[in-house]
Structures are given as C-alpha cells and as structure tokens.
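Architecture and fold: a report
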Amino acid sequence: MVVGGVIARDSDSNPADEGIPTFIVSDEEMAYWIAHTDAQLTFIGDSINPLSSRSALTTTVTYCSTRIDNVCGGACTVYTGGATCLNAPNTNCLAATNNVGFCSGTGCGGPCNQLSSCGTPLGNGYCYTPDTNSIAVTNV
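Residues numbered from 1 in each chain as written. Predicted model: local features only at pLDDT ≥ 70, side-chain atom pairs only at ≥ 80, totals over all residues. Heavy atoms only, no water.

1. With respect to the pairing of strand 9 (residues 127-137)
Where strand 6 (residues 84-96) and strand 9 come together, seven bridges link them in antiparallel fashion. Considered in strand 9, the bridge of T84 is made with V137. Direction of pairing for strand 7 (residues 100-103) relative to strand 9: antiparallel, over a ladder of four bridges. Opposite F102, over in strand 9, you have I135 as the bridge partner. (Pairing = 2+ DSSP bridges. Helix = DSSP H or I, 4+ residues; strand = E, 2+ residues; numbered from the N terminus.)

2. Describing the nonpolar core
Looking at soluble globular proteins, one finds that nonpolar side chains tend to be buried together. Counting 14 residues, the largest nonpolar core has V61, Y63, L94, V100, I135 and V137 as its most contacted members. When contributions to this core are tallied by element, the ones reaching two or more residues are strand 4 (59-68), strand 6, strand 7 and strand 9. Sorting elements by how many residues they give to this core places strand 6 first, with four residues. Other than its neighbours up to four places away in sequence, Y63 contacts I44, A75, C76, T77, L86, N87, A88, T91, C93, L94 and I135. M30, C76, V78 and L122 belong to the second largest nonpolar core, which has 13 residues in total. (Core = buried A, V, L, I, M, F, W, Y, C linked by side-chain atoms within 4.5 Å. Buried < 20%, exposed > 50% of the residue type's maximum accessible area, 1.4 Å probe, protein only. Contact = heavy atoms within 4.5 Å.)

3. Let's talk about the side chain of T77
For T77, the position within the fold is in strand 5 (residues 71-81). Discounting residues that sit within four places of it in the chain, T77 has contacts with T42, I44, V61, T62 and Y63.

4. Here's the deal with the state of the cysteines
In the structure shown here, the tally under the stated rule is five disulfides. For C64, the disulfide goes to C76, at an S-S distance of 2.1 Å. Taking the sign of the S-S torsion, about 110 degrees here, the bridge from C64 to C76 comes out right-handed. Highlighted residues: C64 in strand 4 and C76 in strand 5, separated in sequence by twelve residues. Pair check on accessibility: C64 and C76 agree, each one buried. The disulfide partner of C72 is C93, and the S-S distance across this bridge is 2.0 Å. Handedness of the C72-C93 disulfide follows from its S-S torsion of about 90 degrees: it is right-handed. Taken together, the positions of C72 in strand 5 and C93 in strand 6 put the pair 21 residues apart, joining distant regions of the chain. Accessibility classification places C72 together with C93 in one group, the buried group. (Disulfide = S-S within 2.5 Å.)

5. Thoughts on the side chain of N98
Its location among the elements puts N98 in the loop between strand 6 and strand 7. Given the relative accessible area of 19%, N98 is considered buried.

6. Some words on the sheet that holds strand 7
Taken in spatial order, the seven strands make up an open sheet running 3-5-4-6-9-7-8, and their pairing is mixed. Edge strands, defined here as strands with exactly one partner in the open sheet, are strand 3 (40-45) and strand 8 (112-114). Looking at each pair of strands side by side, their axes are set apart by 35 degrees on average, direction ignored. Sheet topology places strand 4 next to strand 6; four bridges connect them, and they run antiparallel. Counterpart to T62 in the pairing with strand 6 is A95. Along the sheet, helix 1 (residues 27-36) makes contact with strand 3, strand 4, strand 5 and strand 6, crossing strand 4 at roughly 45 degrees. (Axes fitted to C-alpha atoms, helices over the stretch in contact; angles between N-to-C directions.)

Following this line, the structure appears as structure tokens:
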C-alpha cells in the first residue's frame, strides 16, 4: 500500500512479497525471513545490527542446502560481515543484502556468477544456485 508516496506495510506483511522484482534483499527483508523461517539456522560472522555505524559496509548472506519448489530452506548459514570468501559446500540457494558472487569452485574459484543476475529466482528474494561451493562477499 502507498501512503503519501511511501510504501507502507502492516506489521505482518513480508517486504519481499510486495511484487518488486529484485535479487538483492533489504536488511528488513532478510530479518523478516530469519524471524519467520522454519529452516535450521547457523549464524557466523558479526551480529546483525542495522543501526551499527558500519552497517552500510556490512553484507548479510543466507545460504541454504535445500530447494523445494520455490522455497529455500533446510540447513542454512547466515553470515554478516565484510569482504570474505565463504566456504559454502552443498549450497543450493541463497539471498544477500548486497551483490555477491557464488562459485562452483572452492576458495571462490570459478566459474562464478553474480547474485544480481540470478537465473532462477525463488520466493522471498532467494536465488537457486546449484553446485555452489563458495561465496565471494565484496566490499560495498
């Protein structure tokens, strides 16, 4: 719903369900998914804190082992932090708050693709990324 030129959401709506196609999710969309998923989550890196003075330099990536139809889930890892190469074997889908590369090789070796050019979008801003073994998180 638009109120005074601003998108207004009720407290139970998922920001990713607004029908705006994008493959980079907002901090709010990521937080909503984390709060409402039944996936098994493991957190690594920094604590998620959008109010941190360095939050603009931080990326949150959630990568998961299972894709069923249009849903990403199963065992998922949530990384929050700066530039790094994430070891991510058995990753089949992911979402991130900034553009990341997902690679079939270990150590962020190629071939790699960019999340921003996702070929198979899933629900809630996730992308189907079969054969991913590492994720390149860059500085924003």
